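# Understanding the architecture of this molecule
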Amino acid sequence: MSTKDLRNADALAFTESLIDNYSDDVLRLCRVYLNSISLAEDAFQETFLRALDKAHTKKNGGNEKYWLLSIARNVCKDMLKSAWVRRTEGLFEDENGESNYPDTSESAFQRVEREEKESRVLSAVKSLDIKYREVILMQYYYDMDNESISRVLNITQSAVRSRSMRAKKQLEVLLKEYGTGYEE
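Let me sum up the structure you'll find in this document. Position numbers for residues count from 1 along each chain, tracking the sequence in the order it is written. Per-residue local features are limited, in this predicted model, to residues with pLDDT of at least 70; the limit for side-chain atom pairs, both in listing and counting, is 80 or more; totals at the level of whole chains, interfaces and linings are taken over all residues. Think of the side-chain values as coming from all heavy atoms in the structure, minus any hydrogens and water.

### A few points about the overall build of the chain
- Check the secondary structure of the chain and you find eight helices and zero strands.
- Seen in sequence order, the chain has helices and strands lined up from the N terminus as α-α-α-α-α-α-α-α.
- Partly exposed describes any residue whose relative accessible area lies between the buried limit of under 20% and the exposed limit of over 50%, with all areas from a 1.4 Å probe on protein chains only and scaled to the type maximum. Within the chain, buried positions represent 36% of all 184 residues.
- In what follows, residue pairs with any heavy atoms lying within 4.5 Å of each other are defined as contacts. When contacts within the chain are restricted to residue pairs at least 6 apart in sequence, those whose partners lie at least 24 apart make up 67%.
- In these tables, accessible area is a Shrake-Rupley quantity obtained with a 1.4 Å probe, and a residue counts as shielded only by the protein chains included in the view. Carbon and sulfur atoms make up 48% of the accessible area of the chain, which amounts to about 11,700 Å² in all. Where helices and strands are cited, they refer to DSSP runs of H or I of at least four residues and of E of at least two residues respectively, numbered from the N terminus.

Here it is as structure tokens:
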């Protein structure tokens, strides 16, 4: 086996490990970023193709998850800039949520009420400007700290704090309009 074949096999194994560990995170990021499940699925695939192509650039010791989420974010940004997406915007409808099995510990009424509230919160987050949406997404969906977010977004930690504060203020207003109380 040649050196190139060994590097390709290592890159493929690395990418398969990324898919196993972070596929849900990447798809969730893409769905919130793009507001379309079909576009998110395309971005999801492109993210892992780029990860396979760029596996040799991944620094040892760096956080795989944040590296991969940076790739996914860039893929989504590229898709949003594409002429095809701009021309077809609005033609895709986002399917309502992922296929989740209901929690049997709550009644059907409680589950519906919870799902409606989650839907309103997600709608409010999706309506934020992208620079605020991505900070909220990284803070609350991925439980990332300000330092990690600043590295992924390539902005200062004070910019992360500022965007977070502004996003929370906007969400508070939006959630009041949606009839959902604001809870931090």
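### Things to note about the side chain of arginine 133
- With respect to the helices, strands and loops of the structure, arginine 133 is situated in helix α6 (residues 130–141).
- Only four residue types enter the charge count, namely Lys and Arg as positive and Asp and Glu as negative; His and the chain termini do not. By convention in these notes, a salt bridge is any Lys or Arg side-chain nitrogen within 4 Å of a carboxyl oxygen on Asp or Glu. The charged side chain of arginine 133 is buried without a salt bridge, its nearest counter-charge being aspartate 129 at 6.8 Å.
- Setting aside anything within four residues of it in sequence, one finds arginine 133 in contact with Val32, Tyr33, Asn35, Val125, Lys126 and Leu128.

### Examining the state of the cysteines
- For this text, the term disulfide refers to a pair of cysteine sulfurs within 2.5 Å. Counting across every chain of the model gives zero disulfides.
- Free of any disulfide, cysteine 30 has its nearest cysteine sulfur in cysteine 76, 3.7 Å distant.
- Assessed through its relative accessible area of 0%, cysteine 30 is described here as buried.
- Under the relative-accessibility criterion, cysteine 76 is labelled buried at 0%.

### Structural notes on unusual backbone geometry
- Backbone geometry places asparagine 154, a non-glycine residue, at a positive phi of 60°.
- Structurally, the position occupied by asparagine 154 is in the loop between α7 (146–153) and α8 (157–177).

### A look at the nonpolar core
- In this description, a nonpolar core means a group of buried Ala, Val, Leu, Ile, Met, Phe, Trp, Tyr and Cys residues linked to one another through side-chain atoms lying within 4.5 Å. Counting 43 residues, the largest nonpolar core has Leu18, Leu68 and Met144 as its most contacted members.
- Within the residue set of this core, elements represented by two or more residues are α1 (3–34), α2 (37–54), α3 (64–81), α5 (108–127), α6, α7 and α8.
- For this core, the element with the highest residue contribution is α1, accounting for 10 residues.
- Here methionine 144 is in contact with Tyr66, Leu69, Met138, Gln139, Ile149 and Val152, once residues within four sequence places are set aside.

### Describing the side chain of serine 164
- Along the polypeptide, serine 164 turns up in helix α8.
- Contact partners of serine 164, with chain neighbours within four places excluded, come to Val135, Ile136 and Gln139.

### Some words on the packing of α6 against α8
- The convention used is that axes are lines fitted to C-alpha atoms, helices contributing only their stretch in contact, and that angles between N-to-C directions extend from 0 to 180 degrees. Between α6 and α8, the least distance of the axes is 9 Å, while the angle of their chain directions is 95°. Judged by the inter-axis angle, α6 sits roughly perpendicular to α8. On the side of α6, the interface is formed by Lys131, Tyr132, Glu134, Val135, Ile136, Gln139 and Tyr140, while α8 contributes Val160, Arg163, Ser164, Arg166, Ala167, Lys168, Gln170 and Leu171.
- Polar here means any residue outside two lists: the nonpolar Ala, Val, Leu, Ile, Met, Phe, Trp, Tyr, Cys and Pro, and the charged Asp, Glu, Lys and Arg; Gly therefore counts as polar. Counted by class, the contact of α6 with α8 contains seven nonpolar, three polar and five charged residues. Here roughly perpendicular refers to angles of 65 to 115 degrees, roughly parallel to angles under 35, roughly antiparallel to angles over 145, and oblique to all remaining angles.

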